[in-house]
Amino acid sequence: MRNESRAAALFLAPAMLVIFVLFLLPAAASLLLSVTDFDIYALADTSNVRFVGASNYQALFGDSVFWRALRNTLYFAGLGGPLTVMIALASALLVNAKLTRFKSLFRTIYFAPVVTSLVAVSIVFRYVFHVRVGLLNQLFEALGLAPIDWLGDPRFAMPAIVVLAVWKNFGYSMIIFVAGLQSIPEELYEAARIDGAGRLQQFRHVTIPMLGPTFLFVGIVTAVGYLQLFAEPYVMTPDGGPLKSTLSVVMLMYEQGFRWWSLGYAAAIAFVLFVVIALATVIQFRLQTARDRAAASAARAAKIVEGEA
Amino acid sequence: MRLLAPLLALLLLTCSSRQSGSELTFWALGREGEIVAQMIPEFERRNPGIDVRIQQIPWTAAHEKMLTAYVGESTPDLAQVGNTWIAEFQAINALDDLTERAARSASVDRNDYFGGVWETNVIDGRVFGIPWYVDTRVLFYRTDLLAAAGFQEVPRTWSEWRTALGRLSTKGRYGILLPTDEWPQPAILAMQAGSKLVDEQKGIGTFREPEFLKGFDFYVQLFRDGYAPLYSRTQVANRYLQFAQGDFAMMITGPWEVGEFRDRIPAAQQNAWMTAPLPTPDGQPWPGLSFAGGSSLAIFRQSEKKEEAWKLIEFLSEPAQQVRFFELMKNLPARKSAWAAPILRDDRHLAAFRQQLERVAPLPRVPECERLAVLLAEYGERAIRTQATTAQVAAALDEKANQILTKRRWMLARKAERP
């Protein structure tokens, strides 16, 4: 036993070392950084660094730009996240349906945006969102609606970013849903049909519960990714314009850290974002376990009813 | 293990290439790097011992890369630096003091440089960069529209300017385009009104002072009176076309735009646009102040080849080379004598720049300059797009600026304590 655990430790050591050096150490260093005023002057001479305690965090919570960025980010994740998951599930169902032909072709098409370079995509989307010649506004015009200045109007810039992000990202979740769908045993559907379940009921009572773990995974991955919104606005609306309506937390961190070299402040932003993401993840886990428990007790109740009957 | 050997070899190689160093490394930014390469053979011919290696750095990454290079102790021998960065690099002690070299030099003659431009390189009386080329802002305007509005001459004072803009702004047309998210226009107008924007010695913002308020008011009022449209940079799809169509009759912009205007404005309007030095607040000498931008050449303190680097600076500063650089790149020379060359002297659109360059001043020479400039644009936009009074917005701007300058004040206080 002793030998075994020693061997285990030996095998684990390289991985632990890598995690320590590449993850724990930098994380600790940046936590340390966030309680200093490390900035451009400190680059010259480290004696210019002052320990400032929580004042970076204090300044951050008193900074209206930070709250703006956090609101923008939550708005983006709150709107874009569920939308991505829903579209991903819908397209997964379509791609996976028995009647669909050329399944792999459609899968590839829907997945293509995920692997396309965002910079190239952004050039195309700038045309899509263009006020006068844009595809979207021409559609609006055909429907008799007033044109919208998608990227120039503070009210519509973020929805425009959401459209781009959903289009770009839903393919990834779709593939995962397809895998989840394929792992549902056909017998369950058969049993449901024998019990007289219609299409919709099969979907509600078989597909959705069986996809539970997939939902959890997709939800967390999407939320974590979307809360770290950066590249989309960075290429579409540089500087988080118009009127900071597309400024995200990570963009703010990048600006503070690498444009102005307020590394202490940027590190504080990073930690606050970390906490937000951790919270979002915990909430999703809680929701999922609550759902599982509810489902389990419902199943138990059903069994009891069956037994009585 | 199989990976390790090539990696080690690579490491050794990169180390040795840094050590070998008979080369002079010169970081030049963007297209300047491409162009200056054509001028180097002449320098190498004249200085047989020196082998110049140019590294082209994209503008967008340059600032970041130089700071990282400084931290990683891998700065080049000399580099092109935007002159608003000088204070920052000087603050981190990255640049070599060029005061003595410049004073001794036979070819770098301080008096041949535009005063305001030279000043951008001077921190606490010491010289840290030699101007390479200059950039400033002047007025671009439609001669025909202005004539139709009853002005044969371009306005020279603020009140004439407002009158002209008032007459030019009719039915969906605007007198002037001032993109709401750009800082140069509000900065220039405030500087014209006498504001220094920042008190460099005290490390405080001066955005509550009457001088700043005068310029800021003038700027914001242009929007409130409908003389300037509420367009940000990205909202103007094609400024050249719109200028040609007469959507706006004036713009305040820089020298690179001369070439763009010549290329992009339709032939029919090519004779209908002109440049002019900026108007000035009433009762003050004309032209009104503009800011001194552009790039300088600076030597890094860690360089071991400062002599050679200085030789290259002297070479690129020669009036003949300045003219050649203009021919190749269309960047305006920093030296007055270079402007005597026919190609510059006889250019009708450049005359305004020549005049303006006599009346330019540096932006605040503090490391936080760029950050404050972005802030100015942000608060300018806030004043334009909301109902708040300019005084309220300026007070908020002042507070924010002073927050950013906190560390600078601490540094200044510490320096005063132990000189």
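What you see is a predicted model; the values in this text were computed from it and never measured. Residue positions within a chain follow its written sequence, with the count starting from 1. Chains carry letters from A onward and ligands carry numbers from 1 onward, assigned in written order. Totals for whole chains, interfaces and linings use every residue, but because this is a predicted model, local features are given only for residues with pLDDT of at least 70 and side-chain atom pairs only at 80 or more, for both listing and counting. Where side-chain values are given, they derive from all heavy atoms of the structure, hydrogens and water being excluded.

(A) Spatial organisation of the overall build of chain A. The helix count covers DSSP runs of H or I at least four residues long, the strand count covers runs of E at least two residues long, and both are numbered beginning at the N terminus. The helix and strand tally for chain A stands at 14 helices and zero strands. Along chain A, helices (α) and strands (β) appear in the sequence α-α-α-α-α-α-α-α-α-α-α-α-α-α when read from the amino end. Against the compact-globule benchmark of 19 Å for 309 residues, chain A has a radius of gyration of 25 Å, which places it well outside the compact range. Projected onto its principal axes, the C-alpha coordinates of chain A cover approximately 80 × 75 × 35 Å. Scored against the burial criterion, the 309 residues of chain A give a buried share of 39%. A sequence separation of at least 24 residues applies to 66% of the contacts in chain A between residues at least 6 apart. Here the Shrake-Rupley method, with its probe set to 1.4 Å, supplies the accessible areas, and only the displayed protein chains count as covering residues. Here chain A has roughly 17800 Å² of accessible surface; of this, 70% comes from carbon and sulfur atoms. Only C-alpha atoms enter the radius of gyration; for comparison, a globular chain is expected to reach 2.2 Å times N to the power 0.38, where N is the number of residues. Categorising residues by exposure relies on relative accessible area from a 1.4 Å probe, with only protein chains included: less than 20% of the type maximum marks a residue as buried, more than 50% marks it as exposed, and the intermediate range marks it as partly exposed. We call two residues contacting when some pair of their heavy atoms lies within 4.5 Å.

(B) Looking closely at the layout of surface pockets. Residues and elements named next belong to chain A. Empty space within the second largest pocket amounts to approximately 890 Å³. Of all elements in the fold, only helix 9 (186-194), helix 10 (199-210), helix 11 (212-227) and helix 14 (263-308) reach the threshold of two or more residues within the lining of the second largest pocket. The greatest single-element share of the lining of the second largest pocket, amounting to nine residues, is contributed by helix 14. For this classification, the nonpolar set comprises Ala, Val, Leu, Ile, Met, Phe, Trp, Tyr, Cys and Pro, the charged set comprises Asp, Glu, Lys and Arg, and every other residue, Gly included, is treated as polar. Across the lining of the second largest pocket, the residue classes tally to 13 nonpolar, five polar and six charged. Each cavity reported here is a set of points on a 1 Å grid over the protein atoms alone in which a 1.4 Å probe fits but cannot get out, each pocket an open set with protein on both sides within 12 Å along at least five of seven lines, and each lining residue one with an atom within 4 Å of a point. Grid points are joined across faces, edges and corners, and a volume is the space filled by probe spheres set on the points.

(C) Broad picture of the interface of chain B and chain A. With 26 residues of chain B in contact, the opposing surface of chain A contributes 24 residues. Overall, the association of chain B and chain A removes approximately 2200 Å² of surface from exposure, summing both partners, and the carbon and sulfur fraction of that is 56%. When a carboxyl oxygen of Asp or Glu lies within 4 Å of a side-chain nitrogen of Lys or Arg, that pair is called a salt bridge. For the pair chain B and chain A, the number of links is four salt bridges. The salt bridge involving K407 of chain B is made with D37 of chain A; its shortest N-O contact spans 3.0 Å. Counting of polar contacts relies on pairs of N or O atoms within 3.5 Å, with two restrictions inside protein: one atom must be capable of donating a hydrogen and the other of accepting it, and residues adjacent in sequence are counted only when both atoms are side-chain atoms. At the junction of chain B with chain A, the criterion picks out eight residue pairs in polar contact (both at pLDDT 80 or more). Among the elements of the structure, helix 4 (59-71), helix 5 (86-91), helix 18 (369-385) and helix 20 (406-417) of chain B are those that each provide at least two residues to the side of chain B that touches chain A. The greatest single-element share of the side of chain B that touches chain A, amounting to six residues, is contributed by helix 18 of chain B. Across the side of chain B that touches chain A, the residue classes tally to 10 nonpolar, three polar and 13 charged. Accessible area that two parts lose when put together, evaluated with a 1.4 Å probe and summed over both, is termed the buried area.

(D) Examining the environment of A309 of chain B more closely. Residues and elements named next belong to chain B. Structurally, the position occupied by A309 is in helix 14 (residues 306-317). In this structure A309 comes out as buried when scored by relative accessible area, which is 0%. For the pair A309 and D77, spaced 232 residues apart in sequence, the C-alpha to C-alpha distance is 6.4 Å. When sequence neighbours within four positions are dropped, the list of residues in contact with A309 reads L24, D77, L78 and I299.

(E) Region of the structure containing the pattern of salt bridges. Residue and element names in this part refer to chain B. Using the criterion set out here, one finds 33 salt bridges over all chains in the structure. One salt bridge in this structure joins R137 and D135, with 3.0 Å as the shortest N-O distance. Classification of R137 by relative accessible area gives buried; the value is 12%.

(F) Representation of the packing of helix 6 (residues 118-128) of chain A against helix 8 (residues 157-182) of chain A within the structure. All names here are of chain A. Orientation of helix 6 relative to helix 8, taken along the N-to-C sense of each, is 130°, at an axis distance of 12 Å. As summarised for this structure, helix 6 and helix 8 are arranged oblique, according to the angle between their axes. Both helix 6 and helix 8 take part in a crossing whose hand is right-handed. Residues L118, V121 and F125 of helix 6 form the contact with helix 8, whose participating residues are V163, L164, W167 and K168. Partitioned by chemical class, the residues of the contact of helix 6 with helix 8 number six nonpolar, no polar and one charged. Axis geometry follows a simple rule: fit a line to the C-alpha atoms, using only the stretch in contact for helices, then measure angles between N-to-C directions, giving values from 0 to 180 degrees. Geometric relationships in this document are graded by angle, where less than 35 degrees denotes roughly parallel, more than 145 denotes roughly antiparallel, 65 to 115 denotes roughly perpendicular, and other angles denote oblique. Handedness of a helix crossing follows the sense of rotation of the near helix relative to the far helix, less than a right angle counterclockwise being left-handed and clockwise being right-handed.

(G) Focus on the sheet that holds strand 3 (residues 78-82) of chain B. Residues and elements named next belong to chain B. Pairing within the open sheet is mixed, and its six strands lie in the order 2-1-3-14-6-15. Edge positions in the open sheet fall to strand 2 (51-57) and strand 15 (332-333), since each of these has one partner strand only. Strands pair, by our definition, only if DSSP identifies at least two bridges between them. Pairing geometry for strand 1 (residues 23-29) and strand 3, over two bridges, is parallel. Following the sheet pairing, F26 is matched in strand 3 by L78. Strand contacts of helix 4: strand 1, strand 2, strand 3, strand 6 (130-135) and strand 14 (293-299), with the helix running at about 140° to strand 1, the strand carrying the most contacts. Together, strand 1, strand 2, strand 3, strand 6 and strand 14 form the strand contacts of helix 14, whose direction differs from that of strand 14 by roughly 150°.

(H) Fine view of the confidence of the model for chain B. All names here are of chain B. Each residue carries a pLDDT score, the predictor's own confidence in it, on a scale running from 0 to 100. Per-residue pLDDT for chain B averages 90, and the proportion of residues at 70 or more is 95%. Element-level mean pLDDT values for chain B span from 44 in helix 1 (residues 4-20) up to 97 in helix 10 (residues 184-192). The ipTM value of the predicted complex is 0.72, and its pTM value is 0.81.

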